[in-house]
Amino acid sequence: MHHLHIDQFALGTSPVHVIDPRVKILAAAVFILSVVLTSDFALVSYVLYACLAVIVLLVSRTPVRYVVLRSLTVLPFSIMVSMFVPFITGGDDIWRMTIAGVDFTVTAEGLARFGALQCRAVLCFLATIILVSTTPFGDLMHAAGQLGLPRRLVQVMTFMYRYLFLFIDETSHMLLARRLRAPGGGRIQFLKASGGIVGALFVRSLEHAERLYQAMLLRGYGGNLVTVAVHRIDASDLLKGTGLVLLTVMAYISGRI
Amino acid sequence: MIPALRLDNVSYRYEDGTVALRDVSFEIAQGESVGIIGHNGSGKTTLFLAMLGILDDTDGISVNGTPVTRETLNEVRKMVGYVFADPRDQLFMSRVIDDVAFGPLNRGVESEEAIERAVAALSSVGLDGYADRVPYHLSSGEMRRAAIATVLAMDPDIIIMDEPSSGLDPRAKRDLADVIQSLDATRLIASHDLDFIRSCTGRVLVLNRGSVIASGFTADILNNNELLLANGL
(Lines give C-alpha, C1' and ligand atoms only; values in the text may rest on other atoms or scores of the structure.)
Protein backbone atom coordinates (compact mmCIF):
# COMPACT_ATOMS: atom_id res chain seq x y z
CA MET A 1 0.00 0.00 0.00
CA HIS A 2 1.28 3.46 -0.80
CA HIS A 3 1.25 6.19 1.83
CA LEU A 4 1.97 9.87 1.62
CA HIS A 5 5.13 10.50 3.58
CA ILE A 6 5.65 13.85 5.21
CA ASP A 7 9.06 14.02 3.55
CA GLN A 8 7.85 12.99 0.10
CA PHE A 9 9.52 16.04 -1.56
CA ALA A 10 12.66 15.84 0.56
CA LEU A 11 14.90 14.26 -2.06
CA GLY A 12 15.17 17.40 -4.20
CA THR A 13 18.38 19.19 -5.17
CA SER A 14 17.29 22.81 -4.71
CA PRO A 15 19.52 25.32 -2.87
CA VAL A 16 17.28 24.79 0.19
CA HIS A 17 17.41 20.99 0.05
CA VAL A 18 21.20 20.89 0.02
CA ILE A 19 21.68 23.01 3.14
CA ASP A 20 23.09 20.97 6.05
CA PRO A 21 20.10 19.73 8.11
CA ARG A 22 21.61 21.16 11.31
CA VAL A 23 21.78 24.63 9.78
CA LYS A 24 18.20 24.26 8.57
CA ILE A 25 16.96 23.19 12.01
CA LEU A 26 18.73 26.12 13.69
CA ALA A 27 17.47 28.64 11.11
CA ALA A 28 13.91 27.31 11.50
CA ALA A 29 14.25 27.50 15.30
CA VAL A 30 15.38 31.15 15.12
CA PHE A 31 12.49 31.92 12.75
CA ILE A 32 9.93 30.29 15.05
CA LEU A 33 11.37 31.99 18.12
CA SER A 34 11.27 35.41 16.42
CA VAL A 35 7.69 34.88 15.25
CA VAL A 36 6.59 33.88 18.73
CA LEU A 37 8.33 36.90 20.31
CA THR A 38 6.93 39.44 17.82
CA SER A 39 4.40 41.82 19.34
CA ASP A 40 0.71 41.62 18.43
CA PHE A 41 0.69 44.90 16.50
CA ALA A 42 3.87 44.45 14.43
CA LEU A 43 2.05 43.88 11.15
CA VAL A 44 5.16 44.76 9.14
CA SER A 45 7.07 41.92 10.82
CA TYR A 46 4.39 39.37 10.01
CA VAL A 47 4.31 40.47 6.36
CA LEU A 48 8.11 40.23 6.15
CA TYR A 49 8.14 36.80 7.84
CA ALA A 50 5.55 35.59 5.34
CA CYS A 51 7.59 37.00 2.43
CA LEU A 52 10.73 35.28 3.73
CA ALA A 53 8.91 31.95 4.12
CA VAL A 54 7.40 32.23 0.64
CA ILE A 55 10.79 33.06 -0.92
CA VAL A 56 12.39 30.02 0.76
CA LEU A 57 9.44 27.91 -0.36
CA LEU A 58 9.74 29.08 -3.97
CA VAL A 59 13.51 28.53 -4.01
CA SER A 60 13.00 25.01 -2.62
CA ARG A 61 10.71 24.20 -5.57
CA THR A 62 8.37 22.30 -3.23
CA PRO A 63 4.75 22.44 -4.47
CA VAL A 64 3.39 25.70 -2.99
CA ARG A 65 -0.19 24.44 -2.80
CA TYR A 66 0.90 21.36 -0.83
CA VAL A 67 2.89 23.34 1.74
CA VAL A 68 0.36 26.16 2.14
CA LEU A 69 -2.60 23.80 2.52
CA ARG A 70 -0.74 21.78 5.11
CA SER A 71 0.24 24.94 6.98
CA LEU A 72 -3.39 26.02 7.15
CA THR A 73 -4.38 22.78 8.89
CA VAL A 74 -3.13 24.34 12.12
CA LEU A 75 -5.84 27.04 11.97
CA PRO A 76 -8.79 25.06 13.43
CA PHE A 77 -6.64 24.20 16.45
CA SER A 78 -5.20 27.67 16.98
CA ILE A 79 -8.63 29.27 16.53
CA MET A 80 -10.13 26.87 19.05
CA VAL A 81 -7.41 27.59 21.59
CA SER A 82 -7.59 31.38 21.15
CA MET A 83 -11.31 31.92 20.47
CA PHE A 84 -11.86 33.70 23.79
CA VAL A 85 -8.94 36.11 23.34
CA PRO A 86 -11.04 38.92 21.67
CA PHE A 87 -13.40 38.85 24.65
CA ILE A 88 -10.95 38.72 27.53
CA THR A 89 -8.35 41.24 26.36
CA GLY A 90 -8.79 44.74 27.79
CA GLY A 91 -8.91 47.81 25.49
CA ASP A 92 -11.24 49.90 23.37
CA ASP A 93 -14.66 48.29 22.97
CA ILE A 94 -15.74 47.88 19.37
CA TRP A 95 -18.68 45.52 19.82
CA ARG A 96 -20.86 44.62 22.75
CA MET A 97 -23.70 42.19 23.28
CA THR A 98 -25.62 40.71 26.16
CA ILE A 99 -26.63 37.06 26.23
CA ALA A 100 -28.74 35.82 29.17
CA GLY A 101 -27.71 38.79 31.24
CA VAL A 102 -23.98 38.30 30.61
CA ASP A 103 -22.07 41.09 28.85
CA PHE A 104 -19.72 40.11 26.00
CA THR A 105 -17.32 42.78 24.79
CA VAL A 106 -14.94 42.53 21.87
CA THR A 107 -11.96 44.91 22.02
CA ALA A 108 -9.73 46.17 19.22
CA GLU A 109 -6.67 44.93 21.13
CA GLY A 110 -8.33 41.54 21.58
CA LEU A 111 -9.02 41.21 17.85
CA ALA A 112 -5.46 42.26 17.01
CA ARG A 113 -4.06 39.69 19.42
CA PHE A 114 -6.38 37.02 18.01
CA GLY A 115 -5.24 37.81 14.46
CA ALA A 116 -1.58 37.86 15.52
CA LEU A 117 -1.97 34.46 17.19
CA GLN A 118 -3.32 32.93 13.98
CA CYS A 119 -0.47 34.53 11.97
CA ARG A 120 2.08 33.12 14.42
CA ALA A 121 0.56 29.65 14.31
CA VAL A 122 0.48 29.54 10.50
CA LEU A 123 4.00 31.01 10.12
CA CYS A 124 5.52 28.56 12.64
CA PHE A 125 3.77 25.67 10.96
CA LEU A 126 4.89 26.91 7.54
CA ALA A 127 8.52 27.00 8.68
CA THR A 128 8.27 23.49 10.14
CA ILE A 129 6.66 22.08 7.00
CA ILE A 130 9.25 23.69 4.74
CA LEU A 131 11.96 22.19 6.98
CA VAL A 132 10.43 18.70 6.91
CA SER A 133 9.59 18.87 3.20
CA THR A 134 13.16 19.72 2.23
CA THR A 135 14.99 17.29 4.54
CA PRO A 136 14.69 13.47 4.49
CA PHE A 137 13.30 12.33 7.83
CA GLY A 138 16.34 10.19 8.60
CA ASP A 139 18.71 13.14 8.04
CA LEU A 140 16.48 15.37 10.15
CA MET A 141 16.61 12.92 13.05
CA HIS A 142 20.35 12.42 12.65
CA ALA A 143 20.88 16.19 12.72
CA ALA A 144 18.58 16.58 15.73
CA GLY A 145 20.71 13.98 17.51
CA GLN A 146 23.88 15.88 16.62
CA LEU A 147 22.30 19.05 17.99
CA GLY A 148 21.78 17.37 21.35
CA LEU A 149 18.37 15.70 21.18
CA PRO A 150 18.68 12.58 23.42
CA ARG A 151 19.79 9.50 21.47
CA ARG A 152 16.93 7.31 22.70
CA LEU A 153 14.36 9.90 21.67
CA VAL A 154 15.91 10.10 18.19
CA GLN A 155 15.74 6.30 17.88
CA VAL A 156 12.14 6.11 19.09
CA MET A 157 11.07 8.81 16.62
CA THR A 158 12.97 7.20 13.75
CA PHE A 159 11.37 3.81 14.37
CA MET A 160 7.96 5.35 14.96
CA TYR A 161 8.13 7.05 11.58
CA ARG A 162 9.47 3.93 9.88
CA TYR A 163 6.86 1.54 11.29
CA LEU A 164 3.83 3.82 11.46
CA PHE A 165 2.90 2.91 7.89
CA LEU A 166 3.25 -0.80 8.52
CA PHE A 167 0.98 -0.36 11.51
CA ILE A 168 -1.61 1.52 9.45
CA ASP A 169 -1.52 -1.21 6.80
CA GLU A 170 -1.97 -4.00 9.33
CA THR A 171 -4.87 -2.16 10.94
CA SER A 172 -6.61 -1.56 7.63
CA HIS A 173 -6.11 -5.22 6.60
CA MET A 174 -7.66 -6.39 9.85
CA LEU A 175 -10.57 -3.95 9.56
CA LEU A 176 -11.18 -5.15 6.02
CA ALA A 177 -11.07 -8.79 7.16
CA ARG A 178 -13.59 -7.97 9.86
CA ARG A 179 -15.90 -6.17 7.43
CA LEU A 180 -15.78 -9.05 4.94
CA ARG A 181 -16.71 -11.61 7.57
CA ALA A 182 -19.25 -9.43 9.37
CA PRO A 183 -20.74 -6.91 6.96
CA GLY A 184 -22.81 -4.28 8.72
CA GLY A 185 -23.25 -5.38 12.32
CA GLY A 186 -24.15 -3.24 15.29
CA ARG A 187 -21.97 -0.86 17.22
CA ILE A 188 -21.47 -3.36 20.03
CA GLN A 189 -20.25 -5.95 17.53
CA PHE A 190 -17.88 -3.41 16.03
CA LEU A 191 -16.50 -2.47 19.43
CA LYS A 192 -15.99 -6.13 20.32
CA ALA A 193 -14.11 -6.77 17.08
CA SER A 194 -12.08 -3.56 17.54
CA GLY A 195 -10.97 -4.78 20.95
CA GLY A 196 -9.68 -7.95 19.33
CA ILE A 197 -7.92 -5.95 16.62
CA VAL A 198 -6.17 -3.74 19.17
CA GLY A 199 -5.05 -6.83 21.08
CA ALA A 200 -3.78 -8.54 17.93
CA LEU A 201 -1.95 -5.37 16.86
CA PHE A 202 -0.30 -5.13 20.25
CA VAL A 203 0.94 -8.73 20.15
CA ARG A 204 2.11 -8.34 16.54
CA SER A 205 3.98 -5.13 17.34
CA LEU A 206 5.66 -6.78 20.29
CA GLU A 207 6.77 -9.79 18.24
CA HIS A 208 7.82 -7.51 15.40
CA ALA A 209 9.89 -5.38 17.77
CA GLU A 210 11.59 -8.49 19.12
CA ARG A 211 12.59 -9.72 15.66
CA LEU A 212 13.67 -6.23 14.71
CA TYR A 213 15.94 -6.05 17.74
CA GLN A 214 17.43 -9.43 16.80
CA ALA A 215 18.03 -8.15 13.26
CA MET A 216 19.77 -5.09 14.67
CA LEU A 217 21.91 -7.14 17.07
CA LEU A 218 22.97 -9.46 14.26
CA ARG A 219 24.21 -6.44 12.32
CA GLY A 220 26.29 -5.20 15.23
CA TYR A 221 23.88 -2.77 16.92
CA GLY A 222 25.44 -1.49 20.12
CA GLY A 223 22.98 1.20 21.22
CA ASN A 224 23.67 3.67 18.44
CA LEU A 225 21.53 4.03 15.34
CA VAL A 226 24.28 4.84 12.88
CA THR A 227 23.47 6.23 9.44
CA VAL A 228 25.53 7.21 6.44
CA ALA A 229 24.41 10.83 6.69
CA VAL A 230 27.77 12.42 5.99
CA HIS A 231 26.69 16.03 6.11
CA ARG A 232 29.40 18.58 6.56
CA ILE A 233 28.70 22.23 7.16
CA ASP A 234 30.52 24.14 4.43
CA ALA A 235 30.87 27.85 3.65
CA SER A 236 27.73 27.85 1.49
CA ASP A 237 25.67 26.33 4.34
CA LEU A 238 27.01 28.93 6.75
CA LEU A 239 26.29 31.72 4.30
CA LYS A 240 22.73 30.57 3.65
CA GLY A 241 22.08 29.94 7.36
CA THR A 242 23.45 33.32 8.38
CA GLY A 243 21.42 34.99 5.63
CA LEU A 244 18.20 33.36 6.80
CA VAL A 245 18.85 34.26 10.44
CA LEU A 246 19.75 37.88 9.55
CA LEU A 247 16.61 38.30 7.43
CA THR A 248 14.51 36.85 10.26
CA VAL A 249 16.07 39.23 12.78
CA MET A 250 15.55 42.17 10.39
CA ALA A 251 11.88 41.24 10.03
CA TYR A 252 11.63 41.13 13.81
CA ILE A 253 13.31 44.51 14.27
CA SER A 254 11.18 46.16 11.54
CA GLY A 255 8.13 45.58 13.71
CA ARG A 256 9.68 47.32 16.69
CA ILE A 257 10.67 50.54 14.93
CA MET B 1 39.62 -28.14 5.55
CA ILE B 2 37.62 -26.77 8.47
CA PRO B 3 33.87 -27.00 7.71
CA ALA B 4 32.00 -23.70 7.45
CA LEU B 5 29.38 -25.05 9.83
CA ARG B 6 29.39 -28.04 12.10
CA LEU B 7 26.56 -29.16 14.36
CA ASP B 8 27.15 -31.97 16.81
CA ASN B 9 24.08 -33.39 18.58
CA VAL B 10 22.35 -30.04 18.95
CA SER B 11 19.07 -30.10 20.87
CA TYR B 12 16.75 -27.30 21.99
CA ARG B 13 13.59 -27.15 24.02
CA TYR B 14 11.45 -24.00 24.31
CA GLU B 15 10.33 -22.77 27.72
CA ASP B 16 6.83 -24.20 27.20
CA GLY B 17 8.37 -27.68 26.84
CA THR B 18 8.14 -27.92 23.02
CA VAL B 19 11.15 -29.82 21.70
CA ALA B 20 12.27 -27.86 18.62
CA LEU B 21 15.58 -29.61 17.85
CA ARG B 22 16.59 -33.22 18.60
CA ASP B 23 20.21 -34.33 18.26
CA VAL B 24 20.81 -32.45 15.04
CA SER B 25 24.21 -33.21 13.53
CA PHE B 26 25.62 -32.21 10.14
CA GLU B 27 28.51 -30.43 8.46
CA ILE B 28 28.55 -27.89 5.68
CA ALA B 29 31.70 -27.38 3.64
CA GLN B 30 33.10 -24.00 2.67
CA GLY B 31 31.31 -22.44 -0.31
CA GLU B 32 28.53 -25.03 -0.37
CA SER B 33 24.91 -24.06 -1.07
CA VAL B 34 22.66 -26.21 1.09
CA GLY B 35 18.89 -26.29 1.34
CA ILE B 36 17.02 -27.17 4.50
CA ILE B 37 13.52 -28.34 3.75
CA GLY B 38 10.75 -29.21 6.13
CA HIS B 39 7.11 -28.45 6.76
CA ASN B 40 5.99 -25.46 8.85
CA GLY B 41 7.14 -25.91 12.42
CA SER B 42 9.77 -28.52 11.55
CA GLY B 43 12.46 -26.52 13.35
CA LYS B 44 14.17 -24.65 10.49
CA THR B 45 14.03 -21.19 12.05
CA THR B 46 14.96 -22.51 15.51
CA LEU B 47 17.98 -24.20 13.97
CA PHE B 48 19.09 -20.90 12.45
CA LEU B 49 18.56 -18.93 15.64
CA ALA B 50 20.67 -21.52 17.47
CA MET B 51 23.49 -21.12 14.92
CA LEU B 52 23.46 -17.37 15.46
CA GLY B 53 23.65 -17.71 19.24
CA ILE B 54 20.25 -16.08 19.74
CA LEU B 55 18.95 -19.06 21.73
CA ASP B 56 20.57 -19.77 25.07
CA ASP B 57 21.85 -23.20 26.08
CA THR B 58 22.64 -24.65 22.68
CA ASP B 59 25.96 -26.49 22.68
CA GLY B 60 27.68 -28.27 19.84
CA ILE B 61 27.63 -25.62 17.10
CA SER B 62 30.80 -24.29 15.54
CA VAL B 63 31.27 -21.76 12.76
CA ASN B 64 34.56 -21.92 10.83
CA GLY B 65 35.90 -23.94 13.74
CA THR B 66 34.80 -21.39 16.38
CA PRO B 67 32.31 -22.79 18.88
CA VAL B 68 29.18 -20.62 19.26
CA THR B 69 29.17 -19.48 22.89
CA ARG B 70 28.27 -16.31 24.71
CA GLU B 71 31.90 -15.20 24.56
CA THR B 72 32.30 -15.75 20.82
CA LEU B 73 28.99 -14.18 19.76
CA ASN B 74 30.54 -11.09 18.19
CA GLU B 75 33.08 -13.12 16.28
CA VAL B 76 30.41 -15.58 15.06
CA ARG B 77 28.04 -12.82 13.99
CA LYS B 78 30.81 -11.27 11.91
CA MET B 79 31.11 -14.56 10.04
CA VAL B 80 27.42 -15.36 9.65
CA GLY B 81 24.80 -13.19 7.99
CA TYR B 82 21.12 -13.92 8.51
CA VAL B 83 18.31 -12.91 6.16
CA PHE B 84 15.02 -12.93 8.07
CA ALA B 85 11.89 -14.59 6.69
CA ASP B 86 10.09 -11.25 6.72
CA PRO B 87 12.20 -8.55 5.04
CA ARG B 88 10.28 -5.91 7.00
CA ASP B 89 12.18 -7.13 10.07
CA GLN B 90 15.46 -6.57 8.30
CA LEU B 91 14.81 -3.15 6.79
CA PHE B 92 14.29 -0.78 9.68
CA MET B 93 15.90 2.48 8.57
CA SER B 94 14.33 5.34 6.62
CA ARG B 95 16.45 4.86 3.50
CA VAL B 96 17.71 1.75 1.74
CA ILE B 97 21.34 2.98 1.85
CA ASP B 98 21.17 3.50 5.64
CA ASP B 99 19.83 -0.01 6.05
CA VAL B 100 22.47 -1.63 3.87
CA ALA B 101 25.30 0.38 5.43
CA PHE B 102 24.02 -0.22 8.99
CA GLY B 103 26.05 -3.40 9.50
CA PRO B 104 29.39 -2.11 8.18
CA LEU B 105 29.02 1.17 10.13
CA ASN B 106 28.37 -0.76 13.34
CA ARG B 107 31.48 -2.80 12.64
CA GLY B 108 33.46 0.43 12.68
CA VAL B 109 33.87 0.86 8.91
CA GLU B 110 34.33 4.50 7.89
CA SER B 111 31.30 6.24 6.40
CA GLU B 112 32.70 6.57 2.85
CA GLU B 113 33.76 2.94 2.70
CA ALA B 114 30.44 1.82 4.20
CA ILE B 115 28.63 3.70 1.42
CA GLU B 116 30.86 2.07 -1.20
CA ARG B 117 30.18 -1.38 0.24
CA ALA B 118 26.46 -0.68 0.46
CA VAL B 119 26.29 0.53 -3.14
CA ALA B 120 28.25 -2.55 -4.30
CA ALA B 121 25.94 -4.85 -2.30
CA LEU B 122 22.86 -3.19 -3.80
CA SER B 123 24.35 -3.55 -7.25
CA SER B 124 25.06 -7.26 -6.73
CA VAL B 125 21.37 -7.90 -6.01
CA GLY B 126 20.29 -5.80 -9.00
CA LEU B 127 19.13 -2.76 -7.03
CA ASP B 128 21.31 -0.07 -8.60
CA GLY B 129 19.86 3.36 -7.99
CA TYR B 130 17.76 2.29 -5.01
CA ALA B 131 20.01 3.89 -2.35
CA ASP B 132 17.73 6.80 -1.49
CA ARG B 133 14.46 4.90 -1.74
CA VAL B 134 12.23 4.37 1.28
CA PRO B 135 12.40 0.62 2.13
CA TYR B 136 8.69 0.47 2.82
CA HIS B 137 7.87 1.59 -0.71
CA LEU B 138 9.72 -1.31 -2.37
CA SER B 139 7.89 -4.27 -3.89
CA SER B 140 8.13 -7.65 -2.10
CA GLY B 141 10.84 -8.86 -4.48
CA GLU B 142 12.86 -5.64 -4.14
CA MET B 143 12.49 -5.72 -0.36
CA ARG B 144 13.76 -9.29 -0.31
CA ARG B 145 16.78 -8.37 -2.43
CA ALA B 146 17.47 -5.27 -0.30
CA ALA B 147 17.36 -7.48 2.81
CA ILE B 148 19.97 -9.76 1.23
CA ALA B 149 22.07 -6.69 0.39
CA THR B 150 22.07 -5.64 4.07
CA VAL B 151 23.80 -8.94 4.81
CA LEU B 152 26.09 -8.92 1.77
CA ALA B 153 27.43 -5.49 2.74
CA MET B 154 28.83 -7.11 5.88
CA ASP B 155 30.80 -9.55 3.72
CA PRO B 156 29.98 -12.67 5.77
CA ASP B 157 31.53 -16.10 5.15
CA ILE B 158 28.17 -17.81 5.61
CA ILE B 159 24.74 -16.52 4.62
CA ILE B 160 21.63 -18.05 6.15
CA MET B 161 18.28 -17.32 4.51
CA ASP B 162 14.96 -18.15 6.04
CA GLU B 163 12.16 -18.72 3.50
CA PRO B 164 13.65 -16.29 0.97
CA SER B 165 11.13 -17.08 -1.78
CA SER B 166 7.90 -16.72 0.19
CA GLY B 167 5.48 -14.18 -1.24
CA LEU B 168 7.43 -13.70 -4.47
CA ASP B 169 6.03 -14.00 -7.98
CA PRO B 170 7.74 -16.47 -10.38
CA ARG B 171 9.91 -13.82 -12.00
CA ALA B 172 11.09 -12.37 -8.67
CA LYS B 173 11.85 -15.95 -7.55
CA ARG B 174 13.98 -16.59 -10.63
CA ASP B 175 15.84 -13.31 -10.12
CA LEU B 176 16.44 -14.17 -6.47
CA ALA B 177 17.68 -17.66 -7.33
CA ASP B 178 20.16 -16.08 -9.78
CA VAL B 179 21.38 -13.71 -7.07
CA ILE B 180 21.84 -16.57 -4.60
CA GLN B 181 23.69 -18.69 -7.16
CA SER B 182 26.06 -15.83 -7.92
CA LEU B 183 27.25 -15.53 -4.29
CA ASP B 184 30.63 -16.89 -3.24
CA ALA B 185 29.77 -17.31 0.44
CA THR B 186 28.56 -20.57 1.99
CA ARG B 187 24.76 -20.51 1.75
CA LEU B 188 22.15 -22.19 3.88
CA ILE B 189 18.60 -21.75 2.64
CA ALA B 190 15.49 -22.89 4.49
CA SER B 191 12.33 -23.25 2.46
CA HIS B 192 9.43 -25.49 1.66
CA ASP B 193 9.40 -24.15 -1.88
CA LEU B 194 10.96 -27.21 -3.52
CA ASP B 195 11.35 -25.69 -6.99
CA PHE B 196 13.26 -22.79 -5.51
CA ILE B 197 15.51 -25.13 -3.51
CA ARG B 198 16.15 -27.13 -6.69
CA SER B 199 17.22 -23.98 -8.52
CA CYS B 200 19.79 -22.72 -6.06
CA THR B 201 21.22 -25.51 -3.88
CA GLY B 202 23.46 -28.51 -4.46
CA ARG B 203 22.62 -30.46 -1.33
CA VAL B 204 19.52 -30.76 0.84
CA LEU B 205 18.79 -31.70 4.45
CA VAL B 206 15.26 -32.81 5.34
CA LEU B 207 14.07 -31.68 8.75
CA ASN B 208 11.03 -33.10 10.52
CA ARG B 209 10.00 -32.44 14.12
CA GLY B 210 13.43 -31.08 14.94
CA SER B 211 15.44 -34.02 13.56
CA VAL B 212 17.43 -34.40 10.36
CA ILE B 213 15.65 -37.21 8.52
CA ALA B 214 17.69 -37.31 5.33
CA SER B 215 20.60 -35.61 3.61
CA GLY B 216 21.81 -35.85 0.03
CA PHE B 217 22.13 -34.25 -3.39
CA THR B 218 19.25 -31.92 -4.17
CA ALA B 219 18.10 -33.88 -7.23
CA ASP B 220 18.13 -37.22 -5.36
CA ILE B 221 16.14 -35.91 -2.39
CA LEU B 222 13.64 -33.89 -4.40
CA ASN B 223 12.96 -36.83 -6.74
CA ASN B 224 12.18 -39.12 -3.81
CA ASN B 225 8.45 -38.54 -3.55
CA GLU B 226 7.98 -41.12 -0.83
CA LEU B 227 10.47 -39.36 1.43
CA LEU B 228 8.93 -35.95 0.74
CA LEU B 229 5.38 -37.11 1.41
CA ALA B 230 6.40 -38.86 4.62
CA ASN B 231 7.88 -35.58 5.84
CA GLY B 232 4.98 -33.32 5.04
CA LEU B 233 6.43 -31.88 1.83
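Residues numbered from 1 in each chain as written. Chains lettered and ligands numbered in written order. Predicted model: local features only at pLDDT ≥ 70, side-chain atom pairs only at ≥ 80, totals over all residues.

Residues and elements named next belong to chain A. For strand S1 (residues 93-99) and strand S2 (residues 102-107), the ladder comprises six bridges, and the chain directions are antiparallel. Looking at S2, one finds that Met97 is bridged to Phe104. Counted along the chain from S1 to the antiparallel partner S2, the turn is two residues long, and its residue Ala100 has a positive phi close to 50°. (Pairing = 2+ DSSP bridges. Helix = DSSP H or I, 4+ residues; strand = E, 2+ residues; numbered from the N terminus.)

Residue and element names in this part refer to chain A. Domain annotation of chain A identifies domain 1 (21-146 + 232-254) and domain 2 (151-218). Measuring from the centre of the C-alpha atoms in domain 1 to the corresponding centre in domain 2 gives 35 Å. Counting residues at the interface gives five residues for domain 1 and five residues for domain 2. Taken together, the residues that form the side of domain 1 that touches domain 2 break down as three nonpolar, two polar and no charged. (Domains from an automatic or database assignment. Contact = placed C-beta atoms within 7 Å. Nonpolar A, V, L, I, M, F, W, Y, C, P; charged D, E, K, R; others polar.)

Let us look at the interface of chain B and chain A. Contact residues are listed per partner, giving 29 residues for chain B and 27 residues for chain A. Secondary structure elements with two or more residues in the side of chain B that touches chain A: helix H3 (87-90), helix H4 (96-106) and helix H5 (111-124) of chain B. In terms of residue count, H4(B) provides more of the side of chain B that touches chain A than any other element does, seven residues in total. Grouping the amino acids of the side of chain B that touches chain A by side-chain chemistry returns 15 nonpolar, seven polar and seven charged.

All names here are of chain B. For helix H6 (residues 140-152), built from 13 residues, the straight-helix expectation of 18 Å at 1.5 Å per residue is met to within 8% by its first-to-last C-alpha distance of 18 Å. With respect to burial, H6 is a largely interior element, eleven of its 13 residues being buried. Within H6 the residues assigned to the buried category are Glu142, Met143, Arg144, Arg145, Ala146, Ala147, Ile148, Ala149, Thr150, Val151 and Leu152. Contacts from the buried residues of H6 go to strand S6 (80-83), H3, H4, H5, strand S7 (158-162) and helix H7 (170-181). (Expected span 1.5 Å × (residues − 1). Buried ≥ 20, exposed ≤ 12 C-beta atoms within 10 Å, placed from the backbone.)

Attention now moves to the confidence of the model for chain A. Of all residues in chain A, 95% attain a pLDDT of 70 or more, and the chain-wide mean is 86. The lowest-confidence element of chain A is S1(A), averaging 82 in pLDDT; the highest-confidence one is helix H1 (residues 21-37) of chain A, averaging 95. (pLDDT = per-residue confidence, 0-100.)

So, on to the pairing of strand S8 (residues 186-191) of chain B. Residues and elements named next belong to chain B. With six of its six residues buried, S8 lies for the most part within the structure. Here strand S3 (residues 33-37) runs beside S8; their pairing, made up of five bridges, is parallel. Residue pairing in the sheet places Ile36 in a bridge with Ala190 of S8. Here S7 pairs with S8 via five bridges, running parallel. Its bridge partner being in S8, Ile160 is matched across the sheet by Leu188. With H7 bridging S7 and the parallel S8, this β-α-β connection has right-handed handedness. (Right-handed = clockwise from strand over helix to strand, strands pointing away.)

Turning our eyes to something else, we now look at the nonpolar core. If you look at the biggest cluster of nonpolar residues, it comprises 82 residues, and the most contacted ones within it are B:Met51, B:Val100, B:Ala101, B:Ala118, B:Ala149 and B:Ile160. Core analysis: the next-biggest nonpolar cluster, separate from the first, contains 34 residues, A:Leu48, A:Tyr49, A:Ala116 and A:Val132 among them. (Core = buried A, V, L, I, M, F, W, Y, C linked by C-beta atoms within 7 Å.)

Another point: the sheet that holds strand S4 (residues 61-63) of chain B. Residues and elements named next belong to chain B. Taking strand neighbours across the sheet as the criterion, the four strands line up as S2-S1-S4-S5 in an open arrangement whose pairing is antiparallel. Each edge of the sheet is formed by a strand with only one pairing partner; in this case those strands are strand S2 (19-28) and strand S5 (66-67). Relative to S4, strand S1 (residues 5-13) is paired through three bridges, and the arrangement is antiparallel. Bridge pairing in S4 links Arg6 to Ser62. Docked against the sheet, helix H1 (residues 44-51) engages S1, S2 and S4, running at close to 65° with respect to S2. (Axes fitted to C-alpha atoms, helices over the stretch in contact; angles between N-to-C directions.)

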